[in-house]
2 protein chains.
Amino acid sequence: MQDGTFTSPRHLCETASQRGNAFSADCPTRQILDRIADKWSVLILMILGDGAMRFSGLKRRIDGVSQKMLSQTLRSLERDGLVLRHVEPSVPVSVTYSITPLGQELVASLRSMIDWAETRMSDVLSAQRAYDGRDGASEGGMALQRSAVSA
Amino acid sequence: MQDGTFTSPRHLCETASQRGNAFSADCPTRQILDRIADKWSVLILMILGDGAMRFSGLKRRIDGVSQKMLSQTLRSLERDGLVLRHVEPSVPVSVTYSITPLGQELVASLRSMIDWAETRMSDVLSAQRAYDGRDGASEGGMALQRSAVSA
DNA sequence: AGACTTGATCACTAACGGAAACCGAAGGAG
DNA sequence: CTCCTTCGGTTTCCGTTAGTGATCAAGTCT
C-alpha cells in the first residue's frame, strides 16, 4: 500500500531544466516555498522592501515577533540571498538589514498577497463565522458529513 | 522594561476601517496571513485555481502531502471561504473541492510567488551554497561576527 | 466472507515557536 | 572595581503544532 506513495510522477526538476516544480517533493523549490511561505518572512521582507532597517527597528515594527524568531528568520533570509546583513562596529554593535535585488523581486508578489489579506479580511472573517455556525444546526439528513463519524 | 512591548503603536485595525493591518499582532489579518502563508495551502490553492479536483486527485498531484495534512488544510481553507467542499454520496464517497471567487483572487498573487520561486530557484541555491561556505575560510579580523561566539 | 476503494481520524513523535534568562562588548554610575 | 545599561543576539525550557502510520466506516466487487 505504501508503494503507492512512490508511483506518483516525480515531474522533471533535477533534470537539465533550470526551472523548478513546486509540486514535486524533492525539488528545491519546495524548500524555498516552505521558507518564504512563512508569516515572519513575509512581514520582514515587506518592511525591508521599503528600506533598510536595524534589528531593533524590525522588532518594534513587527508587533509580536520574538527575538529568537526575528534573528532566526533574518538568518534564513540572509542565507537564501534575500536580505543583506551589515554589521557596524560602533559603540554598542549596530546591525542593519537591507533587501537584495533578488528579494525585491519577491516582495512585489508578497505585497499583493498582503494587500489581498488586508482588503478581504472581513470576507474571510464572515466566512469563518458562517462555517463555525453551520454545525449542530437544523441539518437532519446529512449522514455522510463529518459529524456522522465524530462519535 | 517589558512595558516597551506595549508602547509600540497598535496601528488602527479593530477601528471603523474595513482594512486590516498585518503588522499589528491583534489584527485578524495576522491570523489570515499565517493561514495562507503555508506550504500546503499555497499548493492546494494553486491546483484548485486550475479547476476542481477530488481529494485523491489532490493527494496524487501534491507530492509528499499526507492525508491528515491535506484534509486538515482543506478544512481550514473551506472555513476561510477559499474553497468549496462538495460531497457526492456515490458508491465510495466522492468529495470534490473547488475554489471560490474569493480564493481565485488570492491565487493570482500566489501564482506570481510560486513563479518567482521556480524561476529563481537556482539563484537561491547558489546563495545558500555561498553562505554555507563563507564560515571558517580566510576571514581573520571579524571579531564581531557570529563565529566569535560559536565556541 | 474477504479484499478493495475513498475520505477522515487516532496515537504518537519530531519539530516549531514563545518567554525569559544569559552572553559579550563597551560605556557610565557609584 | 563592581554593578548596571544598551544592542544584538543565543540558549534553555516547555507547550503547541506539524507530520507519519495505522485505523476506521461505508459500500462494492469477487
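Let us look at the structure shown here. (Residues numbered from 1 in each chain as written. Chains lettered and ligands numbered in written order. Predicted model: local features only at pLDDT ≥ 70, side-chain atom pairs only at ≥ 80, totals over all residues. Heavy atoms only, no water.)

## Regarding the protein's contact with DNA strand D
Let me state the cut-off plainly: Residue proximity to a molecule or strand is established when one non-hydrogen atom of the residue lies within 4 Å of it. Two N or O atoms count as a polar contact when they lie within 3.5 Å, although within protein this holds only if one can serve as hydrogen donor and the other as acceptor, and sequence-adjacent residues are included solely when both atoms are side-chain atoms. To qualify as a helix, a DSSP run of H or I must reach at least 4 residues; to qualify as a strand, a run of E must reach at least 2; elements of each kind are numbered from the N terminus. Basically, the charged four are Asp, Glu, Lys and Arg, the nonpolar ten are Ala, Val, Leu, Ile, Met, Phe, Trp, Tyr, Cys and Pro, and anything else, Gly included, counts as polar.
Near DNA strand D, the surroundings consist of 22 residues, among which Arg75(A), Arg85(A), Tyr97(A), Lys68(B) and Val91(B) are the closest. Sugar and phosphate atoms represent 77% of those atoms of DNA strand D found within 4 Å of the protein. Between DNA strand D and the protein, one listed contact pairs a phosphate oxygen with a side-chain N or O atom of Arg85(A) at 2.3 Å. Contact distances for DNA strand D include 2.6 Å between a phosphate oxygen and a side-chain N or O atom of Tyr97(A). The set of elements that each furnish at least two residues to the surface near DNA strand D consists of helix 4 (55–61), helix 5 (67–79) and strand 3 (94–99) of chain A together with helix 3 (39–48) and helix 5 (67–79) of chain B. Taken together, the residues of the surface near DNA strand D break down into 9 nonpolar, 6 polar and 7 charged.

## Brief notes about the packing of helix 6 (residues 101–119) of chain A against helix 6 (residues 101–119) of chain B
For any two helices packed against each other, the geometry comes down to the angle between their axes and how far apart the axes lie. Our working definition: Structural elements are reduced to axes, namely lines fitted to C-alpha atoms, with helices fitted over the stretch in contact, and the angle between N-to-C directions of any two is expressed from 0 to 180 degrees. Note that the term roughly parallel is reserved for angles under 35 degrees, roughly antiparallel for angles over 145, roughly perpendicular for angles of 65 to 115, and oblique for everything else. We call two residues contacting when some pair of their heavy atoms lies within 4.5 Å.
Running from N to C, helix 6 of chain A and helix 6 of chain B cross one another at 170 degrees; their axes reach a closest spacing of 9 Å. The angle between the axes of helix 6 of chain A and helix 6 of chain B places the two elements in the roughly antiparallel class. Contact residues: Leu102(A), Glu105(A), Leu106(A), Ser109(A), Leu110(A), Ser112(A), Met113(A) and Trp116(A) in helix 6 of chain A; Leu102(B), Glu105(B), Leu106(B), Ser109(B), Leu110(B), Ser112(B), Met113(B) and Trp116(B) in helix 6 of chain B. Grouping the amino acids of the contact of helix 6 of chain A with helix 6 of chain B by side-chain chemistry returns 10 nonpolar, 4 polar and 2 charged.

## Looking at the pattern of salt bridges
Rule in force here: Take a side-chain nitrogen of Lys or Arg and a carboxyl oxygen of Asp or Glu: if they are within 4 Å of each other, that pair is a salt bridge. When accessible area is computed with a 1.4 Å probe and restricted to protein chains, residues below 20% of their type maximum are described as buried, those above 50% as exposed, and intermediate ones as partly exposed.
A complete count under the given rule lists 15 salt bridges over all chains for this structure. Among the ionic pairs, Arg19(A) bridges to Asp115(B), the shortest N-O distance being 2.3 Å. With Arg19(A) in the loop between helix 1 (4–7) and helix 2 (28–36) and Asp115(B) in helix 6, this residue pair bridges two chains. A relative accessible area of 38% means that Asp115(B) is categorised as partly exposed. One salt bridge in this structure joins Asp50(B) and Arg111(B), with 3.4 Å as the shortest N-O distance. Here Asp50(B) is found in the loop between helix 3 and strand 1 (53–54), whereas its partner Arg111(B) is found in helix 6, with 61 residues between them in sequence. One salt-bridge network, in which partners are shared between bridges, spans Arg19(A), Asp115(B) and Glu118(B).

## Section: the packing of helix 6 of chain A against helix 2 (residues 28–36) of chain B
Here is the rule we go by: Note: crossing handedness is left-handed where the near helix turns anticlockwise from the far helix by less than a right angle, and right-handed where it turns clockwise.
Between helix 6 of chain A and helix 2 of chain B, whose axes approach to 9 Å, the crossing angle comes to 135 degrees. Here helix 6 of chain A lies oblique to helix 2 of chain B, going by the angle between them. Here helix 6 of chain A runs over helix 2 of chain B; the crossing is right-handed. Here helix 6 of chain A contributes Met113(A), Ile114(A), Trp116(A), Ala117(A) and Glu118(A) to the contact with helix 2 of chain B, which in turn contributes Thr29(B), Ile32(B), Leu33(B) and Ile36(B). The residue inventory of the contact of helix 6 of chain A with helix 2 of chain B, partitioned by class, reads 7 nonpolar, 1 polar and 1 charged.

## Description of helix 2 of chain B
What counts, and what does not: For this quantity, the arc is that covered by the directions from the helix axis to the C-beta atoms.
Within helix 2 of chain B, the full set of buried residues consists of Thr29(B), Arg30(B), Ile32(B), Leu33(B) and Ile36(B). Seen from one end, helix 2 of chain B has its buried residues packed into an arc of 165 degrees, which puts them on one side.

## Thoughts on the packing of aromatic side chains
By convention here, two paired aromatic rings are described through the distance between centres and the angle between planes. Filter applied, for reference: Here a pair means two rings of Phe, Tyr or Trp (six-membered ring of Trp) with centres within 6.5 Å. Their orientation is stacked below 30 degrees between planes, edge-to-face above 60, and tilted elsewhere. Throughout this description, the term charge over a ring refers to an Arg CZ or Lys NZ atom that lies within 6 Å of the ring centre and within 35 degrees of the ring normal.
Counted by the stated rule, this structure contains 0 aromatic pairs over all chains. Taking the ring centre of Phe23(B) as reference, the NZ or CZ of Arg61(A) above it sits at 4.6 Å.

## A short note on the protein's contact with DNA strand C
Near DNA strand C you find 19 residues, and of these Lys68(A), Met69(A), Ser56(B), Arg75(B) and Arg85(B) are the closest. What you see for DNA strand C is that sugar and phosphate hold 68% of its atoms within 4 Å of the protein. In this structure, Val95(B) approaches DNA strand C through a main-chain N or O atom, which is 3.3 Å from a phosphate oxygen. Per-element accounting of the surface near DNA strand C gives the leading share, 4 residues, to helix 5 of chain B. Split into classes, the residues belonging to the surface near DNA strand C amount to 8 nonpolar, 4 polar and 7 charged.

## Things to note about the relation of the copies chain B and chain A
Basically, it comes down to this: Least squares is used to superpose the copies, and the fit set is the C-alpha atoms of residues whose pLDDT is at least 70 in both copies.
Taken as rigid bodies, chain B and chain A are interconverted by a rotation of 180 degrees and an axial shift of 0.0 Å, the fit giving an RMSD of 0.1 Å. Expressed as an axis order, the relation between the two copies is that of a two-fold axis. For chain B, the minimum C-alpha distance to the rotation axis belongs to Ala37(B) and amounts to 2.2 Å. Looking at the interface residues of chain B, 100% of them are also at the interface in chain A, so both copies use one shared face.

## Observations regarding the sheet that holds strand 1 of chain B
All names here are of chain B. Threshold: We treat two strands as partners when DSSP finds at least two bridges between them.
What the 3 strands build is an open sheet, ordered 1-3-2; its pairing is antiparallel. Each edge of the open sheet carries a strand with a single partner, namely strand 1 and strand 2 (83–88). Here 6 bridges tie strand 2 to strand 3 (residues 94–99), and the two strands are oriented antiparallel to one another. Looking at strand 3, one finds that Arg85 is bridged to Tyr97. Its contacts with the sheet place helix 3 against strand 1, strand 2 and strand 3, and it is angled at close to 90 degrees to strand 3.

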